[in-house]
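Notes for the structure review
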Amino acid sequence: MKVTLHHYNFSTNHVEEMTSFYKNVLGLKESTEMRGEEVSGRGYDTYTRFLLAGGDYQIHIATRDLFNGHKTGHYVNPLLTGHLAFRTDDIEELKARLDKHNVPYSDFGEWSIKGWYQIFLYDPDGNCIEVQQVDAEPEDHPMDIQLHHRNYSTNNIEEMTFFYRDILGLTESKEMNSGRILNEYDGETRFLLDENGNQVHIATMDLHNGFKTKHYVNPLLTGHVAFRVDDIEAIKKRLVENNVAFSDMGEWSIEGWYQIFLYDPDGNVLELQHIRE
């Protein structure tokens, strides 16, 4: 069974503003074709914009729906705080593994997008997770910016690592810890990878990281979504032109990773990183 990172869903009351930010400031491309595949009449009547984030990876910006659970009869509401989505080639095997570990999930079947079989569940920290099976080959979307990892900042490192590694089946990389810069980043981090090298980082929550680094964005409070860019100076210039404030951390937590952190229009923390060759 394969499980790979597929998309991150931002559920928001500001769809147009959020879409403009990710398209016009960060430079993601929008897919208008996917909106024609939406399934209606099953409790999914929200407005969603689909942005391509490199390879087969996407950002979905959906209207927040407080009452989705009531409409669908499911206890997981994926349109309340958003969710992180994985794609698998064997949804039944994954469901059996979740049952074995007594992890409850909501089986939505073919729900929001035609041909997407979706289940939703919560990880040990209460983050909403989607796992989907799609009988289609991934499309390649070359980008100068693409989704790289989702960071979860938590006080439950071991439990969270077990969930993503032993239940979802991601692979833990112990080598990445050897590149850590410890003088400014003293928390524990576990690095988990899918088969394409895309990552989930599970890091110690640090309420005081902003004080330690003297930066106004704290990436270790609520976690963050990270994008990799091929020209960090160009993206910094675009942020300045659009009056978007950011914290320039430079080469901070990982050797060779130049990182800046900022907020999107809904207050979600984003990382933009450039990897030194």
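Coordinates for the structure precede this section.
The text that follows walks through the structure, step by step, so that each part is easy to find.

Parameters and conventions
Residues numbered from 1 in each chain as written. Predicted model: local features only at pLDDT ≥ 70, side-chain atom pairs only at ≥ 80, totals over all residues. Heavy atoms only, no water. Helix = DSSP H or I, 4+ residues; strand = E, 2+ residues; numbered from the N terminus. Buried < 20%, exposed > 50% of the residue type's maximum accessible area, 1.4 Å probe, protein only. Pairing = 2+ DSSP bridges. Axes fitted to C-alpha atoms, helices over the stretch in contact; angles between N-to-C directions. Contact = heavy atoms within 4.5 Å. Core = buried A, V, L, I, M, F, W, Y, C linked by side-chain atoms within 4.5 Å.

Locating Lys 100 in the fold gives a position in helix α3 (residues 91-100). Residue classification places Lys 100 among the exposed positions, given a relative accessible area of 68%. Separated by 67 residues in the primary sequence, Lys 100 and Ile 167 have C-alpha atoms spaced 9.3 Å apart.

Let's shift gears to the sheet that holds strand β9 (residues 145-154). Ordered by their spatial adjacency, eight strands build an open sheet running β10-β11-β12-β9-β13-β16-β15-β14, and the pairing between neighbours is mixed. Every interior strand has two partners, whereas the edge strands, β10 (171-173) and β14 (246-251), have only one. Here the strands of the sheet are splayed against their neighbours by 25° on average, with no regard to which way each runs. As judged from the six bridges shared by β9 and strand β13 (residues 224-229), these two strands associate in the antiparallel manner. Note on β13: the bridge partner recorded for Gln 146 is Arg 228. Each of β13, β14, β15 (257-263) and β16 (269-275) touches helix α6 (residues 232-241); the most contacted strand, β15, lies at about 20° to it.

Residues Tyr 22, Tyr 164 and Phe 227 are the most contacted members of the largest nonpolar core, which totals 51 residues. In contact with Tyr 164, other than residues within four places in its own chain, are Phe 86, Asp 123, Ile 129, Tyr 152, Gly 169, Leu 170, Leu 192, Val 200 and Ile 202.

This next bit is on the sheet that holds strand β7 (residues 116-122). With mixed pairing, the eight strands of this open sheet are ordered in space as β2-β3-β4-β1-β5-β8-β7-β6. Only two strands of the sheet have a single partner each, and these edge strands are β2 (29-30) and β6 (105-110). Across seven bridges, β7 lies against strand β8 (residues 128-134) in antiparallel orientation. Bridge pairing in β8 places Tyr 117 opposite Gln 133. Across the sheet, α3 touches β5 (83-88), β6, β7 and β8, and the angle it forms with β7 is around 20°.

Bringing the side chain of Gln 273 into the picture now. Positionally, Gln 273 belongs in strand β16. The exposure class assigned to Gln 273 is buried, which follows from its relative accessible area of 0%. With sequence-adjacent residues up to four places away left out, Gln 273 is seen in contact with His 148, His 149, Ala 226, Phe 227, Arg 228, Val 229, Trp 257, Tyr 258 and Gln 259.

Limitation: the analysis is restricted to geometry and does not speak to function.
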